[in-house]
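# Geometric and topological summary
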Amino acid sequence: MIISIINKKGGVGKTPFAFSIAKDLDMFLQSNDNSIIESIYPNKSKISKQPSLLDNCVYDFGGFVEKGIVNILKESDFIIIPCTELYNSILRSIETINEIKAINKNITLLVTAYRDEKGKEIIKDTITNNTLGLDFYFFKYSKIIDNAMINALSFTELYNETPLSKKAYKNFFDEYSKLLNTIKNKGRSNAKKGA
């Protein structure tokens, strides 16, 4: 299973989602972008300008101009593009989607840190009008994204910490669980095809 999380726009949640998915699914994590992943996910993460293609790996890409990144995107079972409701984020996400879909159509969009239903609908409508056939997951603004990086805990670990955290993170975690289950089911399907 190869998962690439990418967007040309920074600050959309690429690293927290990449870290959390890798940790919750016991996968490796590689990035071409400076971050704290090596300190919060020791022995299973690596930062390199030229990440190598590995099975059972999540990639956190800040951009994909390097040849090696394009090859990893071609091989990815999932390409996840996080996007916020900021106008520049939506534009950069559409740009990223349009460049990637020529080499791999396994694209999923995460609407991250939206504040209200209006913001959520604006993102979905704008992206749907400019690209077709994407799966969407919706994550309302939550401190769980920052807390994952601060505490070196995945979204699942943070959710399960206390009864209060289960209440505070419930909506976010319900959507995240759907995303994880989709990834796991695709992994099982791929394993059956290879058997």
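Look up: the structure comes first, before these words.
Reference entry: report on the structure contained in this document. (Residues numbered from 1 in each chain as written. Predicted model: local features only at pLDDT ≥ 70, side-chain atom pairs only at ≥ 80, totals over all residues. Heavy atoms only, no water.)

## Looking at the pairing of strand β5 (residues 78-83)
Put simply, the rule reads: For the exposure calls, accessible area comes from a 1.4 Å probe over protein chains only, and a residue counts as buried if that area is under 20% of its type's maximum, exposed if over 50%, partly exposed in between. Put simply, DSSP H or I for four residues or longer makes a helix, DSSP E for two residues or longer makes a strand, and each gets a number counted from the N terminus. Should DSSP find at least two bridges between two strands, the strands are taken to pair. With strands facing away from the observer, any crossover in which the path from the first strand over the helix to the second runs clockwise is taken as right-handed.
Most of β5 sits out of view: six of its six residues are buried. The alternating pattern of β5 places Phe 78, Ile 80 and Pro 82 on one face and Ile 79, Ile 81 and Cys 83 on the opposite face, and all of these are buried. Pairing analysis gives three bridges linking strand β1 (residues 2-6) to β5, with the strands arranged parallel. Within β5, the position partnered with Ile 5 by the bridge is Ile 80. Pairing geometry for β5 and strand β6 (residues 107-114), over five bridges, is parallel. Its bridge partner being in β6, Ile 81 is matched across the sheet by Leu 109. The parallel pair β5 and β6 is bridged by helix α4 (residues 87-100), and the resulting crossover is right-handed.

## Comments concerning the nonpolar core
The line we're drawing: Note on terminology: a nonpolar core comprises buried Ala, Val, Leu, Ile, Met, Phe, Trp, Tyr and Cys residues joined through side-chain atoms within 4.5 Å. Residue contacts are defined here by distance: any two heavy atoms, one from each residue, within 4.5 Å place the two residues in contact.
Membership of the largest hydrophobic core comes to 34 residues, with the highest contact counts inside it found for Ile 3, Phe 17, Ile 21, Val 58, Ile 80, Tyr 176 and Ile 183. For this core, the secondary-structure elements that each account for two or more residues are β1, α1 (14-24), α2 (37-40), β5, β7 (135-140), α6 (144-151), α7 (155-159) and α9 (170-194). By residue number, the principal contributor to this core is α9, which donates six residues. Excluding its chain neighbours within four sequence positions, the residues that come into contact with Val 58 are Ile 3, Ile 5, Ala 18, Ile 21, Ala 22, Met 27, Phe 28, Leu 29 and Gln 30. Within the second largest apolar cluster, 24 residues are counted, among which are Tyr 59, Leu 73, Ile 94 and Ile 107.

## So, the sheet that holds β6
What holds strands together in a sheet is hydrogen bonding between their backbones, with the strands either parallel or antiparallel. Rules: Each axis is a line fitted through C-alpha atoms, and for a helix only the stretch in contact is used; angles between axes span 0 to 180 degrees, taken between their N-to-C directions.
Ordered in space as β3-β2-β4-β1-β5-β6-β7, the seven strands form an open sheet in which the pairing is parallel. Each having just a single partner strand, β3 (45-47) and β7 make up the two edges of the open sheet. For this sheet the average axis-to-axis angle between neighbouring strands, irrespective of direction, equals 20°. Across the sheet, helix α3 (residues 67-75) touches β1, β4 (57-61) and β5, and the angle it forms with β1 is around 125°.

## Re helix α5 (residues 117-130)
Counted only if it meets this: To estimate the expected span of a helix, subtract one from its residue number and multiply by 1.5 Å. Think of it as the arc spanned by the lines of direction from the helix axis to the C-beta atoms.
With 14 residues, α5 ought to run about 20 Å at 1.5 Å a step, and its terminal C-alpha atoms sit 20 Å apart, in line with that. Within α5, burial applies to Gly 119, Lys 120, Ile 123 and Ile 127. The buried residues of α5 occupy an angular sector of 105° when projected down its axis, which confines them to one face. Along α5, exposed side chains directed more than 90 degrees from the buried face belong to Lys 118 and Asn 129. Buried residues in α5 make contact with β5, α4, β6 and β7.

## What about the packing of α4 against α5?
Worth spelling out the cut-off: Helix crossings fall into two classes, left-handed where the near helix is turned counterclockwise from the far one by less than a right angle and right-handed where it is turned clockwise. We call Asp, Glu, Lys and Arg charged. Ala, Val, Leu, Ile, Met, Phe, Trp, Tyr, Cys and Pro are nonpolar, and the rest, Gly among them, are polar.
Interaxial distance between α4 and α5 falls to 10 Å at its minimum, and their mutual angle equals 35°. For the pair α4 and α5, the sense of crossing is right-handed. Contacts between α4 and α5 involve Ile 90, Ser 93, Ile 94, Ile 97 and Asn 98 on the former and, on the latter, Ile 122, Ile 123, Thr 126, Ile 127 and Asn 130. Classifying every residue of the contact of α4 with α5 by side-chain character gives six nonpolar, four polar and no charged.

## So, unusual backbone geometry
The backbone phi angle of Asn 56 is positive, close to 60°, even though this residue is not glycine. Examined against the element boundaries, Asn 56 turns out to sit in the loop between β3 and β4. Judged by relative accessible area, which is 30%, Asn 56 ranks as partly exposed.

## Notes on the layout of surface pockets
The test is simple: Grid points spaced at 1 Å over the protein atoms alone were grouped into cavities, where a 1.4 Å probe fits but cannot get out, and pockets, open sets with protein on both sides within 12 Å along at least five of seven lines, with lining residues defined by an atom within 4 Å of a point. Grid points are joined across faces, edges and corners, and a volume is the space filled by probe spheres set on the points.
Taken as a whole, the largest pocket spans an internal volume of roughly 340 Å³. Among the elements of the structure, α1, β6 and α6 are those that each provide at least two residues to the lining of the largest pocket. No other element matches the three residues that α1 contributes to the lining of the largest pocket.

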